[in-house]
Structures are given as structure tokens and as C-alpha cells.
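Working through the structure, step by step
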Amino acid sequence: MKLYCLSGHPTLPCNVLKFKSTTIMLDCGLDTTSVLQFLPLPLVHSPRLSKLPGWVSKDGTINLEKKELLDLSTIDVILISNYHCMMALPYITEHTGFTGTVYATEPTLQIGRLLMEELVNFMERVPKAQSATCWKYKEIQRLLPGPLKDAVEVSTWKRCYSMQDVNSALSKVQLVGYSQKVELFGAVQVTPLSSGYSLGSSNWIIQSHYEKVSYVSGSSLLTTHPQPMDQSSLKNSDVLILTGLTQMPTANPDGMLGDFCSNLAMTIRAGGNVLVPCYSSGVIYDLLECLYQFIENANLGSTPFYFISPVANSSLEFSQIFAEWLCHNKQSKVYLPEPPFPHAELIQTNKLKHYPSIHGDFSSEFRQPCVVFTGHPSLRFGDVVHFMELWGKSSLNTIIFTEPDFSYLDALAPYQPLAMKCVYCPIDTRLNFHQVSKLLKEVQPLHVVCPEQYTQPPPAQSHRSDLMLELQPPPMPYRRCSVLGLPFRRRWERIQLLPEVGPVATHLSDLQWGKKVFSQPPIVQVLPLKKMREACNCHHRYTSTMTDKMRKKNPINHIVGFLMNLFANYCGK
Amino acid sequence: MPEIKVTPLGAGQDVGRSCILVSIGGKNIMLDCGMHMGFNDDRRFPDFSYITQQGRLTEFLDCVIISHFHLDHCGALPYMSEMVGYDGPIYMTHPTKAICPILLEDFRKITVDKKGETNFFTSQMIKDCMKKVVPLNLHQTVQVDDELEIKAYYAGHVLGAAMVQIKVGSESVVYTGDYNMTPDRHLGAAWIDKCRPDILISESTYATTIRDSKRCRERDFLKKVHETVERGGKVLIPVFALGRAQELCILLETFWERMNMKAPIYFSTGLTEKANHYYKLFITWTNQKIRKTFVQRNMFEFKHIKAFDRSYADNPGPMVVFATPGMLHAGQSLQIFKKWAGNEKNMIIMPGYCVQGTIGHKILNGQKKLEMENRQTLEVKLQVEYMSFSAHADAKGIMQLIRMAEPRNMLLVHGEAKKMEFLKDKIEQEFTINCFMPANGETTTVITNPSVPVDISLNLLKREMALGGPLPDPKKPRTMHGTLIMKDNSLRLVSPEQALKELGLNEHQLRFTCRVQYRKTEFTIFIVLFDLLLKKCYTIQHLPDGTVMVESIVIKVSSSAEEPNTKVLLLSWSYQDEDLGSFLSTLLKKGLPSGLSSM
């Protein structure tokens with residue numbers, strides 16, 4: 001059994017597991033942090049940005065962290081754990097000869113589709129007249145600043161996929177429900193489990209009759225909107241692959257939410273606007289729910305909230321129809337019947353309005369001061385670029401970062417100098433080191449595999465030895481492009497005996513061979529397979545009477561062996 | 001032998017009060033717990049005394065599964081759990097869990113508040129009963145206990161309807177509840193994988209009907225409504241608040257929009273709005289088209305359909321009214337019917353099945369005079385139309401499901417005996433499987449033949465595979481040699497050597513030996529011929545000490561001390577070579593054919 005690690009990003013994993021001749025890809029996250037090295041894609045022509053010396057702004061190229069470690073067409077299945085971890089799917093399933101199946105839950109598929117649609121839309125609505133490629137030459141790249149200089153294989157970076165690719169990729173998705181047992185080729189069984197991180201997010205169990213691998217990716221123990229994490233099913237794993245821990249191990253999500261609300265209220269009261277760069281699904285639901293309770297108390301009832309994204313409406317609508325995937329509290333609301341999320345009421349009372357983009361209705365209905373939720377959190381593309389240009393010059397306004405995926409200082413760099421206030425409240429509900437060590441103590445896997453980043457304290461806080469995994473035996477670290485042999489010794493396999501085809505051997509005592517043949521106590525018996533099965537009851541177990549009889553006969557050694565010429569019908573690997 | 005027992009307490013050769021007991025692998029499961037619309041006495045509920053004469057049912061049942069929210073499938077649930085007594089888990093899907101208590105409360109109100117019955121379950125009992133419900137998601141494998149697992153499949157029929165697979169070890173039963181094999185305007189078609197259950201328990205409401213295409217029926221329906229409204233008549237459509245009602249509403253709504261019609265459409269009872277809300281929230285359970293477009297336009301927000309008030313029934317002019325309940329056995333639909341029955345301009349359209357004993361059933365059978373309470377008679381002058389919109393599988397659909405699931409046995413419930421008989425013959429003919437149709441209280445026993453799961457040592461498997469070429473052919477069974485060890489609760493298949501080692505046994509060699517005597521002359525000729533004969537079929541080795549090996553059978557030649565003219569052949573073979581050994585020994589003993597020996 002081998003694990004090929006295609007991504008070094010701990011929260012956007014992409015690993016391939018080879019197990020019993022099946023090749024299983026675990027997630028395919030798209031690392032977009034490289035966009036921070038590029039200039040934003042403005043919606044309207046910006047004289048300031050275009051006058052900046054240096055280079056041409058980014059051309060929609062996205063870094064694809066895939067190396068030719070293995071042939072993508074040999075992948076049998078792809079298991080998706082949550083919608084953030086599937087953004088690279090079209091790169092893998094399209095134009096690569098991939099013929100397998102993708103497994104994901106329904107919310108993961110639907111919201112994943114929305115996020116991809118949004119990304120494609122962001123890229124396509126600002127077509128670039130020319131795209132820069134010269135910088136990719138080795139000689140030029142060498143001269144570039146910062147991380148770009150050291151980026152590997154920039155020539156393999158690909159352009160953003162098209163909507164056609166997205167549709168084709170998603171048509172390969174087969175929907176699964178939590179705890180559904182999916183058989184792969186009769187060799188392996190995979191099962192998604194609730195991971196508590198986002199709508200439909202799942203951890204996966206990959207097991208045969210004797211081996212069990214758990215894949216834990218982006219899990220949360222906090223009570224937000226999704227169904228709570230299923231921990232007990234992770235027990236007794238031989239190997240546990242651990243990815244997607246919190247990126248903000250020192251920030252407490254509840255505290256951050258408090259900061260978020262108070263900063264928002266302060267700015268509005270002072271007459272400023274609040275900009276919240278965020279993804280169109282996920283934490284935004286919790287932010288809106290928190291604001292729903294907060295605005296009444298804080299007397300912000302008249303402040304308009306805007307949610308601008310090509311998929312804003314869909315995201316808000318979809319969140320309401322996945323009752324089965326929500327926490328108990330929200331589920332019971334549906335029984336009343338009421339919408340599970342309070343943003344339905346915010347929309348009904350006109351406190352929250354959503355628009356596909358800043359063009360169209362929004363420009364005429366827009367009132368200040370207001371709160372705007374919009375993407376993309378990297379501040380490099382999407383409607384947020386426009387608001388940065390619009391509000392950046394006034395110190396009354398505030399930008400509040402809630403997504404932890406991008407460094408906010410890097411994100412702001414091209415907009416400097418900035419008069420606007422910046423508040424950093426990253427909300428990352430994924431497991432922290434304390435929670436994960438408690439979890440591992442409980443489920444007790446034999447071996448843990450994790451990204452190497454988790455085996456040492458973060459570089460900026462090298463003295464914090466609590467911000468790393470300390471386990472016995474120590475976890476097996478992986479980095480991008482490593483290939484790990486997992487410590488497995490397969491010794492047993494499960495087969496099914498068909499009683500009908502078994503030959504009838506005779507009971508030994510029926511053969512008149514005399515006592516001399518067996519000088520030992522005759523604890524070995526030959527039974528016809530049919531009789532033996534009768535002896536077992538329908539649970540394929542001993543009947544109690546049978547066990548008792550055997551015990552009486554031979555109190556010390558109650559092992560009963562059935563020796564026989566055995567015809568076993570078997571097939572498989 | 002292991003067996004599965006199925007006993008219907010209700011819905012055995014009947015429609016109504018569905019309740020089926022299944023015993024499988026030592027587990028007892030109750031499938032559905034419904035009430036009968038046609039009765040107002042004890043026969044209304046299934047006879048739970050079959051399970052136990054006294055005391056609670058908890059210790060006799062491992063779980064209860066409800067397939068969907070129709071009262072003939074869940075109406076007796078509070079009675080069973082709270083009045084007879086059952087504290088174990090009750091499984092149903094989320095939409096069923098949401099809607100079922102509302103219908104139960106409605107049912108309770110009609111029976112207790114309107115008809116004044118006592119000794120009936122209370123609102124509190126419904127609430128307590130619902131606390132025992134465990135929600136079930138589609139395709140999720142729910143482990144009821146260590147051995148019993150259940151899995152739900154989409155069944156169409158109504159919002160949240162499910163088929164369930166019940167599995168213990170390698171034995172399984174699938175119960176369909178009510179299902180629909182053709183997608184309609186708001187729901188999808190039932191689907192199940194090739195799970196090859198030991199028994200498929202299927203409803204058979206429309207066992208003999210093969211219904212024409214849905215489009216025709218819809219056109220027919222719209223034409224009739226249109227004509228009646230045009231001539232100023234009133235149309236009454238008795239429906240259940242959830243299910244068909246929504247489908248017909250979508251149908252009329254689009255028709256009204258297209259034809260620019262003005263006549264009002266009403267929907268009775270406060271349930272409607274609530275019901276439509278459920279459809280909006282459980283949109284994932286509707287069909288593909290609605291699911292895809294719900295963000296742009298939610299099909300369950302109706303513009304033309306308004307809430308009904310009791311006083312509207314006397315309004316002049318045409319109107320269309322959807323009223324509950326669907327079989328005209330009580331409530332608002334019955335009240336409106338009484339008011340409108342006398343006018344031949346009006347029309348009543350029954351869009352679904354009516355249980356025997358209900359007024360709906362009577363008028364569908366052409367009865368023109370109805371006896372009402374207080375010895376009054378009611379003359380039926382209005383036009384009565386029956387249009388099967390209820391989403392049950394027809395004969396074609398049932399056969400289709402059998403093809404999908406490939407069951408080993410078939411069991412029909414939820415249908416009329418005569419029709420079942422017909423379908424039973426058809427199934428037995430086409431699929432050559434047994435088909436049962438037990439009556440209520442009658443037990444069907446099916447003997448199963450589960451395979452025995454055995455753990456095989458990987459070493460042995462690899463060794464045996466290496467013997468038979470590079471790749472095993474799954475279509476060809478092959479012989480393998482191993483030892484089965486039964487220890488504690490496991491069966492393991494290991495190589496004989498390992499088994500002996502584990503059991504601390506010495507290997508015993510069984511050898512058969514025999515002696516054959518010949519005269520010297522005879523012997524020489526014989527041995528040459530023998531050699532010639534056998535060379536064709538077997539490998540023969542001559543060892544330096546004069547021993548001959550035919551495969552692994554040892555043949556030794558020695559001269560007898562007493563009789564110098566004779567030679568003695570000693571044969572020896574092990575138990576494993578018994579076949580060849582005994583063949584050779586008989587051949588040698590028979591001696592030479594007489595013709596040869598005289599030479």
C-alpha cells in the first residue's frame with residue numbers, strides 16, 4: 001500500500017492511495033495562493049493600477065500543484081471531502097484520460113459547482129487583451145522577486161478552466177450519503193462520514209475486511225451549522241491520514257466572531273462602510289446568522305447588507321434545502337416548517353440584498369453606509385477589487401478579513417498606501433492541535449500520516465511546541481511529491497463459501513480404520529460442509545449447544561478443526 | 001436451515017393498515033404501522049396481539065420502519081408505541097418525520113373532536129411517539145445493532161417515500177412501501193440497485209393495470225376541468241394535503257397561466273401553505289427538473305391557487321376546489337361533496353385509489369344513492385370521474401423493479417387478492433421465482449441459503465492462485481486445498497501445514513499397499529505391455545533400485561523366496577492418490593487378458 005502526495009499544502013490536500021490494486025485519489029484542492037504575487041484584475045479600468053511600474057497584471061493563470069508522479073488516467077476513484085477541496089477537479093478529470101468515478105455528497109457537489117462557476121465567471125468577465133508568458137522563462141524567472149523566483153515548474157501552470165470543463169467534470173460525480181457503504185470493484189469499501197466542517201463535508205473510511213484507512217480532512221468539533229462530526233466510526237484504523245487542521249491555531253473562532261461584530265458596528269456608527277472579502281458559501285452563513293442576532297441589539301436595523309457574487313442567490317437558496325446535512329437545531333426548524341437559516345428572514349425584511357455583480361440593479365439601489373460581502377478573499381479578482389478602489393482612500397471605512405486562506409498583508413500590498421482601516425479576524429473552525437490530539441487519543445489509530453508542517457511548530461512561533469502533533473509512535477510526515485509506503489501487512493482475506501459446491505467428506509469415525517491410526521485424542525473431525533453449516537446457526541456462528549458439546553469433549557483445547565478436501569469457490573484478487 | 005418469515009398484520013391481500021412483520025436472522029422488524037380508512041372500529045388498526053397477548057412490544061421488535069407519511073402506512077404508530085407500548089427505534093426519512101405528525105394530529109382531530117370517539121391517542125402521545133423516531137437518509141447504511149443494518153432507497157410516490165433494504169449477514173429483504181416507477185411533475189422515479197434480496201416485498205395496488213402514458217391522463221384531466229368550468233360548473237377534487245395535490249396544482253397552475261383562465265382555484269385547509277413549504281424545504285426529494293430550476297423559480301409558489309374558506313362553497317359561478325381528505329370519508333371534502341352532489345353541472349374528479357367502505361369507493365362504483373348518517377339519503381347527480389393519478393407502480397413498473405433488484409423470492413402485499421393472483425402468475429412465469437401473497441396473519445417462510453464468510457490466509461490464496469496461471473477467471477470455479485479452522489466465532493481457511501501447526505497435531509500419512517503375484521514368464525510380457533499402456537497417460541520413472549514410479553505411486557518388484565517362479569509386485573500409494581492407486585491395483589490384479597497370457 002502506497003501513498004503518493006501531490007500537494008504540499010496541508011489544507012488543500014491531494015493524495016493518491018494505492019490499496020489492493022485500486023487507485024484512490026483523496027481530494028484535489030487548488031492552491032491559489034500564488035495569485036498574491038500578481039496584480040488584481042480590476043472590473044473597471046483603473047488608471048492607478050495600470051500606471052504601476054513593473055509588470056502586467058495576472059492573466060488568469062492558476063498554479064496547479066501536480067507533478068507527474070503518476071499517470072492521472074490510472075486513477076479509479078476520487079473521493080472529495082468538502083467543496084473547498086475539489087476546485088482542481090476539472091484539471092484532473094478533463095483532458096487527462098481519466099475514466100473513473102468521483103464520489104461526493106450532494107451539498108459538496110452543488111456548492112462546489114457554485115464556487116467553480118464563480119471562479120470561472122470572475123476570470124471570464126475581465127478578458128485580458130494579452131497574457132504574459134515571457135516571465136516563465138528560466139532566465140527571467142530567476143530575476144523575479146519573492147516566491148515567484150523559487151516557484152517550480154511555472155511552465156506547467158495552467159489557465160483557469162472553462163464552464164464546459166466544470167460541467168463535464170461534475171457529470172462524473174456520483175452522489176453518496178453519510179455512512180453509505182460504497183463497494184469499489186469488490187475489493188475495497190469506502191464510506192463518507194460527517195466531518196462537521198461545512199455543508200456535506202466528509203471524512204472517508206477506506207477499508208477491506210482486515211485493513212482500515214481513515215482519511216480525515218477539514219473536520220470541526222465546533223457547533224456551527226453542519227451536522228456534527230462522526231468520531232466513533234474512525235476507531236480501530238490501521239492508518240489515519242490527517243490533513244486540513246486549522247490554519248489559525250492561535251485564533252479562537254468565537255472571539256473572532258465577537259471582534260468581527262464589534263468592529264462592524266463601530267465603523268457603521270461612525271458612518272463608514274464595511275467590506276468583508278469572503279467565499280460565497282461556508283462561514284458567511286454563520287456570519288449572517290451572527291449578524292441577525294447582533295443587528296437588533298446593536299441598533300443597526302436600518303443598515304443595508306449586500307452580498308455580491310454571481311452565485312449569491314444560489315448559495316443562499318441552496319443552504320436552505322440541505323436539512324439532512326445540518327445540525328440538529330437547524331434540522332428541527334425544518335420540521336415546523338421554517339427555513340433552517342435566519343438569512344431567509346433577513347432577505348424577506350430587505351435587510352440583506354444579494355446581487356450577481358456591481359453592475360445592473362446594484363448600482364442604482366446601493367446606499368451608504370453599508371456592509372458588503374463579496375469575493376474573492378485574495379483581493380485579486382472579483383467584485384472586491386472594485387470596492388477596494390472605491391473605499392480604500394477613506395479612513396472611515398473598514399475591511400474585515402474573515403477567511404484564513406490568504407495572508408492579509410500580502411493581499412493588501414497592491415492597494416497601498418491605504419487609508420482604510422484593516423481588521424483581521426480569521427475564522428477557521430477546523431480542528432486545532434489540542435482537539436486533534438484528544439481525538440487521536442480516542443480513536444487510537446495504529447499509525448498517523450500527516451503533512452510535515454504539522455510535525456513542527458509554525459516557523460513564526462518556533463517556541464510553541466503545543467502547535468504541533470506529538471504522538472507515539474511519531475506521525476509519518478509527508479511533503480509534496482513524497483511517496484510513502486504505509487506500514488501494512490495484509491495476512492487475511494475474506495471469501496464466501498458456497499455450501500452447495502462443497503464435496504461431502506465423511507465423518508472420520510465412519511471409516512473403519514481402527515484406533516491405531518489416531519493415537520492422539522481425535523479432535524480433528526471431517527464434516528460435510530453442508531452439515532457444518534447446519535451446525536452454525538444462521539448467523540454463521542456456533543450454536544451454543546454445539547460449543548458446549550465441544551467443550552465437554554475436550555476441555556483444554558476446544559479448537560475444532562475441520563479438515564477436508566475443500567472446494568472453495570472464490571474469485572477476485 | 002436459516003429462514004426468513006414474513007407475516008402481514010395488515011395489507012395482506014388488502015389495501016390499508018399496512019403492517020408487515022419480518023423475522024430475519026433472529027431479528028424482528030415491523031414494516032409500516034398504518035390504519036385502515038374503511039373501518040371505524042377495532043379493525044382500523046393492525047392486530048398487535050399477534051405479537052404478544054400482553055405487555056409491551058419492545059422486547060419482541062428490534063426496530064420499526066415507516067416507509068412514508070400516508071396514514072395507511074403510519075396511522076397506527078402512536079397507538080402502537082404509546083398505547084400498546086414500544087420504546088425501540090422507529091426509522092423514517094426526514095420529510096416523513098416532518099410531515100407524519102401533522103397528518104396524525106389531523107387524523108386525531110377528525111376522529112376525536114368531530115366524531116367524539118374516546119380511547120384514542122392524544123396529541124401528547126403523538127409527540128412522545130415522534131421522539132422515538134430516528135431520521136434516515138437515502139443510501140445511508142444504518143446499523144440498528146451489530147448485525148442488523150437498514151438502507152433506504154428513493155421510492156417516488158410522495159415526498160420522502162422510501163424503500164428499505166433490511167440486511168442481516170448475507171440475508172436480506174427489501175420492502176418497497178408504495179412506489180412509482182415513472183417520474184411525474186414533482187417527483188422522480190423509484191430506483192434500487194441490483195441488491196439481490198432473498199425476498200422483495202412489493203405493493204401491488206395496480207397489479208393488473210398497465211396505465212397509458214401520463215401525458216394522456218393529464219390532457220384528459222385538463223380537458224374535463226376546462227369543460228366543466230366553461231359551462232359554469234364546479235369541480236371538486238378530493239386529495240390528501242400532500243402528494244398528488246401538489247402535482248395537480250402544478251398542472252392546473254401552468255394550464256391557467258397558459259389559457260389565461262379566470263375561474264378561481266382554491267385549496268382547502270390551512271395545511272396547504274404549510275404543505276407547500278415542506279416541498280420547498282425538501283426540494284432535494286423532488287424530481288431533477290424542479291431541483292435544477294428552484295433557484296430561479298420555485299414550482300411550489302402558486303399564483304392562481306388561493307386558500308379556501310368554507311363560505312366559498314355556496315358562491316355562484318365556476319370554481320375548482322382541492323379539498324381533503326382524498327377518499328371522501330370525512331372532513332371538508334365530504335362537506336363540499338354533500339353541497340354539490342345534487343347538481344349535474346358539477347363534477348367530482350377522484351385522482352386516487354379509494355379504500356373499500358369509503359364514500360369515494362361507493363360513488364366510483366356507480367352508486368347513485370348514498371346513505372348518510374341520521375338515515376338520510378343523498379342523491380348523486382354530479383358527474384363522477386376517476387383518474388388514476390396516484391403514484392403507484394403499475395404491473396409494468398412492478399416487473400421493472402423485479403428486474404432491477406433481482407430478488408430470489410417475491411412477496412405481494414397492499415393490493416386486492418384477485419389482482420394479486422394475476423400478477424403472481426405473471427411473475428412466476430416471467431422470472432421463475434416463487435411469489436407469495438399471504439393474507440393477514442398468515443406467515444410465509446422462505447428458506448435461505450446464505451454463504452459462509454470465511455477468512456482465508458493471504459499466503460494460501462497467493463499459493464493457490466500461483467498454481468492456476470496468472471489471472472483467476474471469475475467465471476470458472478477452481479479447486480483449492482485448505483483446512484477450515486473454526487475457533488471462537490471465526491472461520492479461517494489456512495494451508496493444511498499451518499493448521500496442523502496451530503492445532504499442535506502431527507501429520508498422519510495414510511498409505512495403501514497391496515501385493516500382486518505373477519508367474520515369471522507372464523510377468524515379463526506383462527510389464528512391457530503395462531509400460532507401453534501407461535506411458536501414454538502418465539509419467540513413469542524408473543529409479544536405479546528397480547522401483548517404478550507411476551506419478552507418485554510406488555511399484556516395487558521382488559522375487560518370492562518360497563516360490564522362485566513367481567514375482568511379487570508391491571504397490572503403495574498415499575490417500576491423496578487413492579483414485580489412481582486403486583485404478584492401478586485393480587488393473588494389476590485382474591491380470592492379463594487370457595489371450596495374451598497364452599502367448
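Everything quoted here is computed from the prediction, not taken from an experiment.

Observations concerning the overall build of chain B
Within chain B, the secondary structure is distributed over 17 helices and 30 strands. If you line up chain B on its principal axes, its C-alpha atoms span 130 × 50 × 50 Å. Expressed as a percentage of the 599 residues in chain B, the buried residues total 55%. For chain B, the proportion of contacts with a sequence separation of at least 24, taken over those separated by at least 6, is 70%. Approximately 26800 Å² of chain B is accessible, and the part contributed by carbon and sulfur atoms is 50%. Between the mean site of the 73 positive side-chain charges and the mean site of the 67 negative ones, chain B shows a separation of 6 Å.

Observations concerning helix α9 (residues 312–319) of chain A
Residue and element names in this part refer to chain A. Burial analysis of α9 places 6 of its 8 residues in the buried class, which makes it a mostly covered element. Listing the buried residues of α9 in full gives Ala312, Ser314, Ser315, Leu316, Phe318 and Ser319. Buried-residue contacts for α9 involve α3 (106–124), α8 (283–297), β15 (305–308), α11 (343–348) and β16 (352–355).

A look at the packing of helix α5 (residues 214–230) of chain B against helix α6 (residues 244–259) of chain B
All names here are of chain B. Contact geometry for α5 and α6: axes closest at 11 Å, N-to-C directions at 65°. Seen along the crossing, α5 lies across α6 with a hand that is right-handed. Counting all contacts with α5, which are made through Lys214, Glu218, Phe221, Leu222, Val225, His226 and Val229, the residues of α6 involved are Arg244, Glu247, Leu248, Leu251, Leu252, Phe255, Trp256 and Met259. Within the contact of α5 with α6, the residues separate by chemical class into 10 nonpolar, 1 polar and 4 charged.

Quick word on the sheet that holds strand β14 (residues 274–277) of chain A
As a general point, the strands of a sheet are linked pairwise by backbone hydrogen bonds and lie either parallel or antiparallel. Residue and element names in this part refer to chain A. The strand order β16-β15-β17-β14-β18-β19 describes an open sheet built from 6 strands, whose pairing is parallel. Single-partner strands in this sheet number two, and they are β16 and β19 (421–424). The sheet shows a mean angle of 20° between the axes of neighbouring strands, taken without regard to direction. Bridge analysis of β14 against strand β17 (residues 371–374) gives 4 bridges, and the strand direction is parallel. Residue Pro277 lies in a different strand from β17, and its bridge partner there is Thr374.

Looking at the sheet that holds strand β22 (residues 483–485) of chain A
All names here are of chain A. Spatially, β8-β6-β5-β3-β2-β1-β22 is the arrangement adopted by the 7 strands of the open sheet, whose pairing is mixed. Whereas interior strands pair on both sides, the edge strands pair on one side only; in this sheet they are β8 (173–176) and β22. Each neighbouring strand pair of the sheet contributes to a mean axis angle of 25°, computed without reference to strand direction. Where strand β1 (residues 2–5) lies against β22, 3 bridges are found, and the strand directions are antiparallel. Counterpart to Lys2 in the pairing with β22 is Gly485. Packed onto the sheet, α3 meets β6 (101–105) and β8 and runs at close to 100° relative to β6.

Things to note about the packing of aromatic side chains
Residue and element names in this part refer to chain B. Scanning the entire structure with this criterion turns up 30 aromatic pairs over all chains. Seen in terms of ring centroids, Phe107 and Phe120 are 5.5 Å apart; in terms of plane orientation they differ by 80°. Their pairing is edge-to-face. Linking Phe107 in helix α3 (residues 94–114) with Phe120 in the loop between α3 and α4 (123–131), this pair joins segments that are 13 residues apart in sequence. Judged by its relative accessible area of 11%, Phe107 falls in the buried class.

Let's talk about the UniProt feature "domain: Beta-Casp" (unreviewed entry) in chain A
Residues annotated in UniProt with the feature "domain: Beta-Casp" (unreviewed entry) correspond here to residues 284–412 of chain A. For residues 284–412 of chain A, helix accounts for 41% and strand for 12%, while the C-alpha atoms at its two ends are 21 Å apart.

Quick look at the packing of α3 of chain A against helix α6 (residues 163–170) of chain A
Residues and elements named next belong to chain A. Close contact between α3 and α6 brings their axes to 10 Å; oriented N to C, the two are set at 165°. Judged on the interaxial angle alone, α6 and α3 are roughly antiparallel. The handedness of the crossing between α3 and α6 comes out as right-handed. Taking contact as the criterion, the partners of Leu109, Arg113, Met116, Glu117, Val120 and Glu124 in α3 are, on α6, Met163, Val166, Asn167 and Leu170. Considering only residue class, the contact of α3 with α6 consists of 6 nonpolar, 1 polar and 3 charged.

A word on the nonpolar core
By size, the foremost hydrophobic cluster in this structure holds 273 residues, and its most contacted members are Leu89 and Phe373 of chain A together with Ile201, Phe221 and Phe337 of chain B. Looking at this core element by element, the count peaks at 9 residues for α3 of chain A. Residue contacts for Phe373 of chain A: discarding those within four places in its chain leaves Phe260, Val276, Cys278, Ile284, Leu287, Leu288, Leu291, Phe305, Tyr306, Phe307 and Ile308 of chain A. Leu26, Val77, Trp204 and Phe488 of chain A belong to the second-largest nonpolar core, a separate cluster that totals 26 residues.

Re the environment of Ile348 of chain B
Residues and elements named next belong to chain B. Relative to the assigned elements, Ile348 resides in strand β16 (residues 347–350). Separated by 123 residues in the primary sequence, Ile348 and Val225 have C-alpha atoms spaced 9.6 Å apart. Residues in contact with Ile348, not counting those within four places in the same chain, are Leu236, Pro238, Leu328, Phe337, Ile363, Leu382, Gln383, Val384 and Glu385.

How each quantity is defined
- Residue positions are counted from 1 within each chain, in the order its sequence is given.
- Chains carry letters and ligands carry numbers; both start at the beginning, A for chains and 1 for ligands, and go up in the order they are written.
- Under the rules for a predicted model, residues below a pLDDT of 70 receive no local features and side-chain atom pairs below 80 are neither given nor counted, while totals for whole chains, interfaces and linings still include all residues.
- Based on all heavy atoms of the structure, the side-chain values leave hydrogens and waters out of the count.
- Helix and strand definitions follow DSSP, with helices as H or I runs of at least four residues and strands as E runs of at least two, each counted in order from the N terminus.
- Relative accessible area decides the class of each residue, using a 1.4 Å probe on protein chains only: under 20% of the type maximum gives buried, over 50% gives exposed, and in between gives partly exposed.
- Only heavy atoms matter for contacts: two residues are in contact if any of them lie within 4.5 Å across the pair.
- We get accessible surface area from the Shrake-Rupley algorithm with a probe of 1.4 Å; when it comes to residues, only the shown protein chains can shield them.
- Charge counting treats Lys and Arg as positive and Asp and Glu as negative, with His and both chain ends excluded.
- One atom stands in for each charge, and that atom is NZ of Lys, CZ of Arg, CG of Asp or CD of Glu.
- With axes taken as lines fitted to C-alpha atoms, and helix axes fitted only over the stretch in contact, angles between N-to-C directions fall between 0 and 180 degrees.
- Crossings are assigned a handedness: left-handed for a near helix turned anticlockwise from the far helix by less than a right angle, right-handed for a clockwise turn.
- Note on residue categories: nonpolar means Ala, Val, Leu, Ile, Met, Phe, Trp, Tyr, Cys or Pro, charged means Asp, Glu, Lys or Arg, and polar means any other residue, Gly included.
- In this analysis, strands are considered paired if DSSP registers two or more bridges between them.
- Any Phe, Tyr or Trp ring, taking Trp's six-membered ring, that has another such ring centre within 6.5 Å forms a pair; planes under 30 degrees apart are called stacked, those over 60 apart edge-to-face, and the others tilted.
- UniProt positions are given in the numbering used here, feature names are shortened, and annotations may be inferred rather than shown by experiment.
- The cut-offs work like this: below 35 degrees is roughly parallel, past 145 is roughly antiparallel, 65 to 115 is roughly perpendicular, and the gaps in between are oblique.
- Among the buried residues, those of types Ala, Val, Leu, Ile, Met, Phe, Trp, Tyr and Cys that are joined through side-chain atoms within 4.5 Å form a nonpolar core.

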